[in-house]
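Summary of structural features
So the chains spell out like this:
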Amino acid sequence: MPLTSHRRLAVSAALIASLAAGVVPATSAFAAPAPATTAATTPAVPAPDMDGVTAALNAAMANGAPGAMARFTGPEGVRSRAVGVQDRVTNAPMDIRSRFRIGSVSKTFSTVVLLQLVQEGRLELDAPVNTYLPGLLPDDRITVRHLLTHRSGLADYTNAMFADTVPGFESVRNRVFSYQELVDLSLSEPRTTEPGVSYKYSNANFVVVGMLIEKLTGKPVSDAYQRRVLKPLKLRDTSYVHPDARITGPHARGYLHPDEPGGALVDSTEQTVSWAQSAGAVISSPADLNTFISALTRGRLLSPAMMEAMTSVTPTDTTNTRFYGLGLRRYDLSCGTRVYGHTGTVQGFYTYAFATRDGRRSLSAMANTSNRGAANTALGGTLEAAFCGKKPAAAASRAAVGDSAVTSLPAERDLPERG
Ligand code: HEL
């Protein structure tokens, strides 16, 4: 159900009132509840607009991506599209079976592992991080939930690390950091918020999540991913190989745009991703991402209570269409459909992996470039096309001239953040 302007006003009023009270409540205060449906009234699910998906992929290419691809799963089966090349030297076409770096979609994998440990009674969401990692953080008020919701106030050390895009990347592409070194980098900067007070995205949070997983399981995070997610779901293209810098098997090469306009693309395929680790170093493929995000939303990985916690969201910006739960984003699309998943940006690769709450429809999309926000925004257009289907002609032409807030939202770092 689209948000009417009346409802948007009501939602904004509720938001302003609660912010004035210093509270950022969970989602129900902000967005229209899902309409109650019965068998008789259940609206037809729109067929994916695969021409629209292709148009979004082509738009990513027009904005600087060498190639792009998307894979949709729904009641009618699988539909995929690929455009451009996955290797600028051999000119090999983009291949829907290829592996690539998924960046922060890794945060959802890490969250699933951590929430399984919560389910098993090995830690508590609202306990201080320092209970499990004594003395790690300078503030005993920072809880596990604050990490997973980006409300800890731990600074994102990657902003300084990648202030100059290519030199920053080259300075870390072969480095191997310990988790402690990454936490120290974060703590060398002022904290961004009091614990729990506002949303401020930071890779440091999910570095600490990795530390928690290793401390509680006594094993590397790769073992936990393998045992708890990859093996049960048979995700054979998905791996966590840190600090190995290669992507094994058939894969797309990644191309990083330099900051200088017109500068040559940098092949950034091989890197340790040690600067991110449990915050962003997973490798996967379109099919595996569809399987993962559908299995998650269908409840195959977590208990109903943990799914409820994971999908209880607060707004991340001022658009009231974007939200964050526990290591999980929610986007509210123009047709009223809500999709859950994550986005990823790692040098050379932009990724989207989202599914409807019932897991019956899912979309994964990738463009083999980065540091080119317009390409990322264009790639995000695959979500609207896939989940909302063909737009009526009038709406489509309005969107084409930029009269659609939802279809053309820029990537997260280009939007004002809501506290
Ligand atoms: S940033 C995000 C995205 N997340 C965060 C994380 C991830 N990725 C990073 O922190 C990488 C930052 C540098 C990326 C680099 C480029 O474009 O390749 N950019 C620069 O160096 C700019 N100077 C919030 C967008 C997410 O969607 O969650 O992934």
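Structure first, text after, so check above.
Only a predicted model underlies this, so the values are computations on that prediction, with no experimental measurement involved. (Residues numbered from 1 in each chain as written. Predicted model: local features only at pLDDT ≥ 70, side-chain atom pairs only at ≥ 80, totals over all residues. Heavy atoms only, no water.)

Side chains of strand 9 (residues 329-332) alternate between two faces, with Arg329 and Tyr331 and Arg330 and Asp332 buried alike. Taken together, the 3 bridges between strand 8 (residues 322-324) and strand 9 define a ladder with antiparallel strand orientation. Note that in strand 9 the partner of Tyr324 across the bridge is Arg329. The turn linking strand 8 back onto strand 9 is made up of 4 residues, and Gly327 within it adopts a positive phi angle of 55°. In this sheet, strand 10 (residues 338-346) lies alongside strand 9 in antiparallel orientation, the contact comprising 4 bridges. Note on strand 10: the bridge partner recorded for Asp332 is Arg338. (Buried < 20%, exposed > 50% of the residue type's maximum accessible area, 1.4 Å probe, protein only. Helix = DSSP H or I, 4+ residues; strand = E, 2+ residues; numbered from the N terminus. Pairing = 2+ DSSP bridges.)

Counted under the stated rule, the structure contains 1 disulfide. Across a sulfur-sulfur distance of 2.0 Å, Cys335 and Cys388 are joined as a disulfide pair. Linking Cys335 and Cys388, the disulfide has an S-S dihedral of approximately -70° and is accordingly described as left-handed. In this pair, Cys335 is assigned in the loop between strand 9 and strand 10 and Cys388 in helix 13 (residues 373-388), connecting sequence segments 53 residues apart. For Cys335, a relative accessible area of 26% puts it in the partly exposed group. (Disulfide = S-S within 2.5 Å.)

What follows is about the sheet that holds strand 11 (residues 349-356). Judged by pairing direction, the sheet is antiparallel, and its 8 strands sit side by side in the order 2-1-12-11-10-9-8-7 without closing on themselves. Bordering the open sheet on either side are strand 2 (77-84) and strand 7 (314-315), each of which pairs with just one other strand. In this sheet, strand 2 lies alongside strand 1 (residues 67-74) in antiparallel orientation, the contact comprising 8 bridges. Paired with Gly67 across the bridge in strand 2 is Gly84. Contacts between helix 11 (residues 286-297) and the sheet are confined to strand 1, strand 10, strand 11 and strand 12 (362-367), with strand 11 contributing the most and set at about 35° to the helix. (Contact = heavy atoms within 4.5 Å. Axes fitted to C-alpha atoms, helices over the stretch in contact; angles between N-to-C directions.)

Moving on: the pattern of salt bridges. Enumeration according to the criterion identifies 17 salt bridges in this entry. Across the pair Asp267 and Arg253 runs a salt bridge, and its minimum N-O distance is 2.7 Å. Of this pair, Asp267 sits in strand 5 (residues 266-267) while Arg253 sits in the loop between helix 10 (221-230) and strand 4 (255-256); the two residues are 14 residues apart in sequence, bridging distant segments of the chain. Classification of Asp267 by relative accessible area gives partly exposed; the value is 27%. In this structure, the salt-bridge partner of Arg253 is Glu270, at a minimum N-O distance of 2.9 Å. One end of the pair, Arg253, is in the loop between helix 10 and strand 4; the other, Glu270, is in the loop between strand 5 and strand 6 (283-284), and 17 residues separate them in sequence. Judged by its relative accessible area of 27%, Glu270 falls in the partly exposed class. Through salt bridges with shared partners, a single ionic network connects Asp139, Arg141, Arg191 and Glu194. (Salt bridge = Lys/Arg side-chain N within 4 Å of Asp/Glu carboxyl O.)

To continue, consider the site of the ligand. Ser104, Phe162, Tyr201, Thr343 and Ser370 are the nearest of the 18 residues found near the ligand. With respect to the ligand, the side chain of Ser370 contributes an N or O atom lying 2.5 Å from an oxygen atom. At 2.7 Å, a backbone N or O of Asn371 approaches an oxygen atom of the ligand. Here the ligand has 650 Å² of accessible area as a free molecule, and 89% of this is covered by the chains. Tallying contributions element by element places strand 10 first for the shell around the ligand, with 4 residues. Residues that form the shell around the ligand fall into these classes: 4 nonpolar, 12 polar and 2 charged. (Near = heavy atom within 4 Å. Polar contact = N/O pair within 3.5 Å; in protein donor to acceptor, adjacent residues only side chain to side chain. Areas by Shrake-Rupley, 256 points an atom, 1.4 Å probe, with all protein chains shown as cover. Nonpolar A, V, L, I, M, F, W, Y, C, P; charged D, E, K, R; others polar.)

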